[in-house]
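What follows is the residue order along each chain.
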Amino acid sequence: MCGIAGVVDYRTRAISPDPMRRAADSLFKRGPDDAGFWTEHCAGLAHRRLAILDTSEAGRQPMLSRDGRYVIVLNGEIYNFRELRHQLEGQGTCWRSTSDTEVVLAAYEKWGVSCLSRFRGMFAFAIWDRNEKVLFAARDRMGIKPFYYHHLNGYFAFASRPRAIFKIHPRMSREMDPQALRLYLECGYIPSPYAIHREIR
């Protein structure tokens, strides 16, 4: 288990590192081994690490691609990452770590969005394209790993837990969503895309 968070705000030219640090701190229980954050212009990413596969510095996140174009934060595990690593090696990919995070990043570089069809595992991740200024985010098909988000007028914030979104955007309303509450009382859980807060999905 790890924790991820991030923000893209097309209305500003500079994301402060402070909210990313606060978001990472709020996810401490999801990843007590390490923390990292990255900001540049209108984007910021944060990560809390539970080191399992590659416990070295090379496995730290946010992780940049070899050419520096892409930045990723990942929560979860890709069960077939060794198989994908072997395929990518055969196509010329070189590695700096033994982590599945780097494999996800290289797979996205090679195959784009279609890389998702190759992943077997439980995951939630986000990749920022520094050239195109575009964020790509995905979650496993069963929704095992959480991915909460808030989106409004060129502003997009996400995290593994709602509390981290409130650390990024502290002025956002925490009003409860009555529809989500009704679904919880009827079903015993809150189905996607609802969340307990009205402004979070």
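Note on numbering: residues in each chain are counted from 1, in written sequence order. A pLDDT threshold of at least 70 governs which residues receive local features in this predicted model, and a stricter bar of 80 or more applies before side-chain atom pairs are shown or counted, although totals over entire chains, interfaces and linings include all residues. Hydrogens and water molecules were not included; the side-chain quantities draw on all heavy atoms of the structure.

Asker: Quick question: what am I supposed to make of helix H3 (residues 100–111) here?
Answerer: The α-helix winds at 3.6 residues per turn, so residues separated by three or four positions along the chain end up facing the same way. In this model H3 runs 16 Å from its N-terminal to its C-terminal C-alpha over twelve residues, within 8% of the 16 Å that 1.5 Å per residue would give. Only protein chains enter the accessibility calculation, which uses a 1.4 Å probe; a residue is then buried when its area is under 20% of its type maximum, exposed when over 50%, and partly exposed in between. Strands here mean DSSP runs of E at least two residues long; helices mean DSSP runs of H or I at least four residues long; both are numbered from the N terminus. Among the twelve residues of H3, ten are classified as buried, and the element is accordingly described as predominantly covered. Listed in full, the buried residues belonging to H3 are Asp100, Thr101, Glu102, Val103, Val104, Leu105, Ala106, Ala107, Tyr108 and Trp111. Should any heavy atoms of two residues lie within 4.5 Å, those residues are counted as being in contact. Structurally, H3 contributes buried residues whose contacts are with strand S4 (63–64), strand S5 (70–78), helix H2 (81–90), strand S6 (121–129) and strand S7 (134–139). One or two steps after H3, the chain reaches Gly112, where phi turns positive at roughly 65°. Multiply 1.5 Å by the residue count of a helix minus one, and that product is the helix's expected span.

Asker: Whenever I open this one, the packing of aromatic side chains confuses me. Can you help?
Answerer: What characterises a pair of aromatic rings is the spacing of the ring centres plus the angle enclosed by the ring planes. In summary, the pairing rule links any two rings of Phe, Tyr or Trp, Trp by its six-membered ring, whose centres are within 6.5 Å, and it sorts them by plane angle into stacked for under 30 degrees, edge-to-face for over 60 and tilted for everything else. Evaluated as defined, the whole model comprises nine aromatic pairs. With centroids separated by 5.5 Å and ring planes inclined at 90°, the aromatic side chains of Tyr70 and Tyr108 adopt a geometry described as edge-to-face. Placement of Tyr70 in strand S5 and of Tyr108 in helix H3 is noted, with a sequence separation of 38 residues between them. Taking 6.3 Å as the distance between ring centres and 75° as the angle between the ring planes, the aromatic pair formed by Phe119 and Phe125 counts as edge-to-face. Here the two residues Phe119 and Phe125 agree in accessibility, since each one is buried. Within the aromatic cluster, the residues linked to one another by ring pairs are Tyr70, Tyr108, Phe119, Phe123, Phe125 and Phe136. Throughout this description, the term charge over a ring refers to an Arg CZ or Lys NZ atom that lies within 6 Å of the ring centre and within 35 degrees of the ring normal. If you follow Arg118 out to its NZ or CZ, it ends over the ring of Trp111, 3.7 Å from the centre.

Asker: Can you walk me through the pairing of strand S8 (residues 148–152) in this structure?
Answerer: Along any regular strand the residues' side chains alternate between the sheet's two faces. The rule for pairing is simple: two strands pair if DSSP sees at least two bridges between them. Taken together, the five bridges between S8 and strand S9 (residues 155–159) define a ladder with antiparallel strand orientation. Looking at the pairing, Tyr148 lines up with Ala159 of S9.

Asker: How do you make sense of the packing of H2 against H3 when you look at a structure like this?
Answerer: Pairs of packed helices are described in terms of their axes, by the angle between the two and the distance that separates them. The N-to-C vectors of H2 and H3 enclose an angle of 45°; their axes lie 10 Å apart at closest approach. As judged from the angle between their axes, H2 and H3 are oblique. Every pair of crossing elements has a handedness; the one defined by H2 and H3 is left-handed. In contact with Phe81, Leu84, Arg85, Gln87 and Leu88 of H2, H3 contributes Asp100, Val103, Ala106, Ala107, Lys110 and Trp111. Polarity classes work like this: nonpolar for Ala, Val, Leu, Ile, Met, Phe, Trp, Tyr, Cys and Pro, charged for Asp, Glu, Lys and Arg, and polar for all others, with Gly in that last group. Of the residues in the contact of H2 with H3, the class split is seven nonpolar, one polar and three charged. Each axis is a line fitted through C-alpha atoms, taken for helices only over the stretch in contact, and angles between the N-to-C directions span 0 to 180 degrees. Any angle from 65 to 115 degrees is called roughly perpendicular, while one under 35 is roughly parallel, one over 145 is roughly antiparallel, and all others are oblique. Here a crossing is called left-handed whenever its near helix is offset anticlockwise from the far helix by less than a right angle, and right-handed whenever the offset is clockwise.

Asker: What should I look at first to understand a nonpolar patch on the surface in this one?
Answerer: Exposure above 30% relative accessible area and the lack of any salt bridge qualify a residue for a patch; like charges then connect within 9 Å, and the nonpolar side chains Val, Leu, Ile, Met, Phe, Trp and Tyr within 5 Å. Per-residue and other accessible areas follow the Shrake-Rupley method at a 1.4 Å probe size, with only the shown protein chains counted as cover for residues. Criterion for a salt bridge: a side-chain nitrogen of Lys or Arg within 4 Å of a carboxyl oxygen of Asp or Glu. Together, Met176, Leu181, Tyr184 and Leu185 make up a nonpolar patch on the protein surface, roughly 400 Å² of accessible area in all. For Leu181, the position within the fold is in helix H5 (residues 178–187). Judged by relative accessible area, Leu181 falls into the partly exposed class, the value being 31%.

Asker: Quick question: what am I supposed to make of unusual backbone geometry here?
Answerer: Peptide bonds are, in most cases, trans, and in most cases residues other than glycine have a negative phi. With an omega dihedral of -5°, the bond running from Gln61 to Pro62 counts as a cis peptide bond. The omega torsion across Ser192 and Pro193 is 10°, close enough to zero to call that bond cis. In this fold, Pro193 is placed in the segment after H5. A positive phi angle is found at His41, which is not glycine, with a value near 55°. Assignment of secondary structure puts His41 in the loop between strand S2 (34–40) and strand S3 (43–49).

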